[in-house]
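# What the coordinates show
So the chains spell out like this:
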Number of protein chains: 2
Amino acid sequence: MEMALEEAREAAARGEVPVGAVVTDARGALLARAGNRVEELGDPSAHAEMLAMRAAARALGGKHLAGCTLTVTLEPCAMCAQGASLFRLRKVVFGAYDPKGGGTEHGARVFSHPQCNHAPEVVGGINETEAAGLLRDFFAARR
Amino acid sequence: MEMALEEAREAAARGEVPVGAVVTDARGALLARAGNRVEELGDPSAHAEMLAMRAAARALGGKHLAGCTLTVTLEPCAMCAQGASLFRLRKVVFGAYDPKGGGTEHGARVFSHPQCNHAPEVVGGINETEAAGLLRDFFAARR
């Protein structure tokens, strides 16, 4: 999570909403890390999670991330949650809960439906204070 | 929808699950078209909708697709539905309903929650028979 927070801080420095993500393999080795690049790429789907999962699959040379863990500073939205399911991640660990836009513990609750063919284990609230603080400071500075 | 079906047929010819998508602007002019390329790109997030939305935003030179319509042969999954929300599409038109994996009319029902900050209008069942037939034939041939 420290590395994901670092990616989030770097995203903030680029003027992006500070969210960072890391994918590690079954033994905990780093496969990919990424920060949010929505503004830079002009692509609303360029969330940290999507970029990290795609890069991790490329690093593994396959299509899936079986046995891998996605660690991200913010509760994934429905897009990233379904992405985590499609990439077949074993586990999703996130920092801050996102009652306004989250898609795993709130709203769509993507993993809770029979239409979700692969549901990773989810652990939320890790380093929550720091992850949420980064977002709060970022939006406060823009007001 | 004819063009989306053509993309779906071309996807099947490439060995991809036959789903095709098209993005048109507010006047109905074509911005982008794409077929599913999950296998080719080794990227489970390379659904036709995601590829078409990204290409359409690039074509418009902006980040959003306000006023635009996504036409796709199959009910979008939760990832693509949330993507359509993030790209701020005005409308999503789809062919076949997908009770097993759909995320707009089934399962996560992504547009039905307050966490969805922008909900496109949805019209389902357009050319449903042909869109569903393509999928049925594809999977029957692989069994």
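Values in this document were obtained by computation on a predicted structure and should not be read as measured data.

### Digging into the overall build of chain A
Secondary structure summary: chain A contains 5 helices and 5 strands in total. Each helix (α) and strand (β) of chain A, taken in turn from the N terminus, gives the series α-β-β-α-α-β-α-β-β-α. Judged by the C-alpha coordinates and their principal axes, chain A covers about 40 × 30 × 30 Å. A burial count over chain A gives 55% of its 143 residues as buried.

### Some details on the sheet that holds strand S2 (residues 30-35) of chain A
Residues and elements named next belong to chain A. Taken together, the 5 strands give an open sheet; going across it, the order is S2-S1-S3-S4-S5, and neighbouring strands pair in mixed fashion. Either end of the sheet is taken by a strand with one partner, and the two such strands are S2 and strand S5 (121-123). The mean angle between the axes of side-by-side strands here comes to 15°, regardless of whether they run parallel or antiparallel. Relative to the sheet, helix H3 (residues 48-60) contacts strand S1 (20-24), S2 and strand S3 (69-74), its axis offset from that of S2 by approximately 150°. Sheet contacts for helix H5 (residues 128-142): S3 and strand S4 (91-96); angle to S4, the most-contacted strand, approximately 60°.

### As for the UniProt feature "active site" (unreviewed entry) in chain A
Residues and elements named next belong to chain A. The positions that UniProt labels "active site" (unreviewed entry) are, in the present scheme, Glu49. The topology assignment puts glutamate 49 in helix H3. Those residues in contact with glutamate 49 that sit more than four places away from it in its chain are Val19, Ala21, Leu70, Val72, Leu74, Pro76, Cys77 and Cys80.

### Thoughts on the environment of glycine 125 of chain B
You can see glycine 125 of chain B is positioned in the loop between strand S5 (121-123) and helix H5 (128-142). Not counting chain neighbours up to four residues away, the residues in contact with glycine 125 of chain B comprise Phe94, Gly95 and Tyr97 of chain B.

### A closer look at the side chain of glutamate 75 of chain B
Residues and elements named next belong to chain B. Within the secondary structure layout, glutamate 75 lies in the loop between strand S3 (69-74) and helix H4 (78-86). There is no salt bridge for the buried glutamate 75, and the closest opposite charge comes from arginine 109, which lies 6.9 Å off by N-O distance. Of note is the side chain of glutamate 75, whose polar atom sits 2.9 Å from the backbone nitrogen of aspartate 98. Beyond its immediate stretch of four places on either side in the chain, glutamate 75 contacts Phe94, Ala96, Tyr97, Asp98, Gly102, Gly103, Thr104, Glu105 and His106.

### Description of the packing of aromatic side chains
Under the counting rule described, the total for this entry stands at 4 aromatic pairs over all chains. Look at phenylalanine 138 of chain A and phenylalanine 139 of chain A: their rings are 5.3 Å apart centre to centre, the planes differ by 85°, and that puts the pair in the edge-to-face class. Consider the rings of phenylalanine 94 of chain B and tyrosine 97 of chain B, whose centres lie 4.9 Å apart with planes at 80°: the pair is edge-to-face. Note on phenylalanine 94 of chain B: relative accessible area 0%, which makes it buried. We classify tyrosine 97 of chain B as partly exposed; its relative accessible area is 35%.

The rules we used
- Residues numbered from 1 in each chain as written.
- Chains lettered and ligands numbered in written order.
- Predicted model: local features only at pLDDT ≥ 70, side-chain atom pairs only at ≥ 80, totals over all residues.
- Heavy atoms only, no water.
- Helix = DSSP H or I, 4+ residues; strand = E, 2+ residues; numbered from the N terminus.
- Buried < 20%, exposed > 50% of the residue type's maximum accessible area, 1.4 Å probe, protein only.
- Pairing = 2+ DSSP bridges.
- Axes fitted to C-alpha atoms, helices over the stretch in contact; angles between N-to-C directions.
- Contact = heavy atoms within 4.5 Å.
- UniProt positions renumbered as here; feature names shortened; annotations may be inferred.
- Lys, Arg positive; Asp, Glu negative; His and termini not counted.
- Salt bridge = Lys/Arg side-chain N within 4 Å of Asp/Glu carboxyl O.
- Polar contact = N/O pair within 3.5 Å; in protein donor to acceptor, adjacent residues only side chain to side chain.
- Phe/Tyr/Trp six-rings, centres within 6.5 Å; stacked < 30°, edge-to-face > 60°.

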